[in-house]
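# Structure assessment
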Amino acid sequence: MRRSGLSFLPIMLALIALLSAPAAQAGSRLLATGGVTQVEGASGGGISPWGVLAGTASEGEFAATASVSQARVDDYSLGVAGIAGNIQDRLELSMARQRFDLDTLGGRLEQDILGAKLRLYGDPLYDTWGTWSLGVQRKRMVDGELAKALGAKDTAGTDLYLATSKLWFAAVGGRNLLTNLTLRSTRANQGGLLGFGGDQKASRSLVVEGSLGLMLAPDWVVGIEYRQKPDNLGVAAESDWRDIYVAHFFNKHVSLTGAWLDLGDIAGLADQQGGYLSLQVAL
Amino acid sequence: MTGCFHTPNDVVSRSRASRHAALGSDASQVSALRACIAQAIWKPALLVIGLAVLGGCAHSSSAPSADTHQASTGDAGSRAAPHASDDSLYAALGGKPVIDAVVNDFLYRIAGDERIVDFFANTNIDHFAEAFTTQLCDISDGPCDYAGPSMARAHQQMGITDAHFNAVVDHLRAALIDQQVPAGPRNRLLGRLARLHDAVMLRQP
């Protein structure tokens, strides 16, 4: 969160106000059923978009979320700021800016992501087959020189994904379990931070992402995530991502997520592990 | 033979739980039972015929309860075991005192929620409380048989949206938490009630 100190005070004041805000001003969906904000700005876990839409808006309601996230692994840091809107629990629109610092190699890469997620069917709580959503993420690097140097074909690309989420009541020790499965078509290298396509593979890959979230209490979720990734660049082998996370929902307006990340090899540096923190506010 | 003797047990347990609803069928079943017993006593010689009649009695006296059953949530388990066993969800919830307290707590929350309170404007709250208590008892395998209208019929054309449904679920969960129902039974109950969503939403405009 290397942002100017100026923006910090209003955020803190807003947080204090939201922490004490009455729940009636929030959407009607149950606490935590909108997940948190994943690194590309969509509602989900930390690294994978889920089938649910942002916030707690339901039929006839609207929600907006804003989030700041920070990951720090051995040789890199990633900061993400994102906003998302949810229209009647049908359509989610999101925008995110990623700032990727190459702490060891030196330099900074940035990427903008515009996202949309359409709920096709269902509800994670009430439907036997859960909820299903179709999403798109349009990604554009701010400066693609390094990615090009590593062998990337393009500096912009589009991910398409189908995600499903289902809550299983009293599934583990009487606690509710949220399961998510996402199928993504992508050309992105390291999510797009190292460009799109490469010398090894220029075309799209179909990858699978999955996560489990155990609701220890209505306001506490612990879980694991896994995200399969393409491996397009000859000089920069890419690994699948995984993490374990814990999220706390103070109320329908404020949530804080912490995670331990295992991102594997990134741009020639092996075994990148570290921590992740994400704060989301919702209206 | 078991048919005839099984029926009064059912009647007794049901009448204890939902006096209102079972009252009509009580009378008819009791008189059918009397006929059964009379036949069994006064025609001892015609044992085979008597048994056949008893079979017929059992069959006919169970007919009205089949109607009742159809109107209920369709949970066959509650009929097969009318008495709550110790390991039932009903027992885990805390039985009647806790369910009564949860329903009471829930109603206060509904009354304070402007999004949904209007749906209850023409509702007899005492009647609703009793029906809802019976339904929670029935759906948790307790010694009750919900005999009210189906969920689709009870909510038809009310203009209920998912937002209203969610709000009600939220209030019920809050009431269960406030009445100190442990997470396991609480989530099991919510899971069973979640399955009613489609029926409640079936006939909305």
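Heads up: these notes are all about the structure in this document. (Residues numbered from 1 in each chain as written. Chains lettered and ligands numbered in written order. Predicted model: local features only at pLDDT ≥ 70, side-chain atom pairs only at ≥ 80, totals over all residues. Heavy atoms only, no water.)

## With respect to the overall build of chain A
Looking only at helices and strands, one finds two helices and 14 strands in chain A. Every one of the 283 residues in chain A was classed for burial, and the buried ones make up 57%. The contacts of chain A with a sequence gap of at least 6 include a subset with a gap of at least 24, amounting to 57%. (Helix = DSSP H or I, 4+ residues; strand = E, 2+ residues; numbered from the N terminus. Buried < 20%, exposed > 50% of the residue type's maximum accessible area, 1.4 Å probe, protein only. Contact = heavy atoms within 4.5 Å.)

## What to know about the overall build of chain B
Along its length, chain B carries eleven helices and zero strands. Secondary structure of chain B in N-to-C order comes out as α-α-α-α-α-α-α-α-α-α-α. Going through the 205 residues of chain B one by one, you find that 43% of them count as buried. Summarising the internal contacts of chain B: among those between residues at least 6 apart in sequence, 76% fall at separations of at least 24. On chain B, roughly 10700 Å² of surface is accessible, and the fraction owed to carbon and sulfur atoms is 59%. (Areas by Shrake-Rupley, 256 points an atom, 1.4 Å probe, with all protein chains shown as cover.)

## Some points on the interface of chain A and chain B
Residue-level contacts link 17 residues of chain A with 21 residues of chain B. Of the roughly 1600 Å² buried between chain A and chain B on both sides combined, carbon and sulfur atoms contribute 54%. Here chain A is connected to chain B by one salt bridge. Elements supplying a minimum of two residues to the side of chain A that touches chain B: β8 (156-172) and β9 (175-186) of chain A. Of the residues that constitute the side of chain A that touches chain B, the class distribution is seven nonpolar, four polar and six charged. (Buried area = accessible area lost by both parts, 1.4 Å probe. Salt bridge = Lys/Arg side-chain N within 4 Å of Asp/Glu carboxyl O. Nonpolar A, V, L, I, M, F, W, Y, C, P; charged D, E, K, R; others polar.)

## Here's the deal with helix α9 (residues 162-178) of chain B
Given 3.6 residues per turn, any residue in an α-helix points the same way as the ones three and four places further on. Residues and elements named next belong to chain B. The end-to-end C-alpha distance of α9 is 24 Å, a good match for the 24 Å that 17 residues give at a rise of 1.5 Å each. Turning to α9, its buried residues number three or more, namely D162, A163, H164, F165, N166, A167, V169, H171, L172, R173, A175 and L176. Elements that come into contact with the buried residues of α9 comprise α6 (95-111), α7 (125-139), α10 (183-194) and α11 (197-201). Two residues or fewer past α9, Q180 is found with a positive phi of approximately 60°. (Expected span 1.5 Å × (residues − 1).)

## Observations regarding the nonpolar core
In this structure, Y76 and F100 of chain A together with L172 and L189 of chain B are the most contacted members of the largest nonpolar core, which totals 78 residues. The contact partners of Y76 of chain A, leaving out residues within four places of it in the chain, are A71, F100, D101, L102, D103, L105, I266, A267, L269 and Q272 of chain A. (Core = buried A, V, L, I, M, F, W, Y, C linked by side-chain atoms within 4.5 Å.)

## Quick look at the sheet that holds strand β14 (residues 269-282) of chain A
With respect to topology, twelve strands assemble into a closed barrel ordered β3-β4-β5-β6-β7-β8-β9-β10-β11-β12-β13-β14 (chain A), the strand pairing being antiparallel. Strand after strand, the sheet turns through a mean of 20° between neighbouring axes, direction not considered. Note: strand β6 (residues 108-122) of chain A against strand β7 (residues 131-141) of chain A, eleven bridges, orientation antiparallel. In the sheet register, Y121 of chain A faces β7 of chain A, and the bridge partner there is W132 of chain A. α10 of chain B rests against β8 and β9 of chain A of the sheet, and its axis sits at about 115° to β8 of chain A. (Pairing = 2+ DSSP bridges. Axes fitted to C-alpha atoms, helices over the stretch in contact; angles between N-to-C directions.)

## What to know about the environment of L150 of chain A
All names here are of chain A. Position of L150 relative to the elements: it lies in helix α2 (residues 145-150). With a relative accessible area of 19%, L150 lands in the buried category. Between the C-alpha atom of L150 and that of A267, which follows or precedes it by 117 residues, the distance is 8.4 Å. Look past the residues within four positions of L150 in its chain and what remains in contact with it is L194, D199, L233 and V235.

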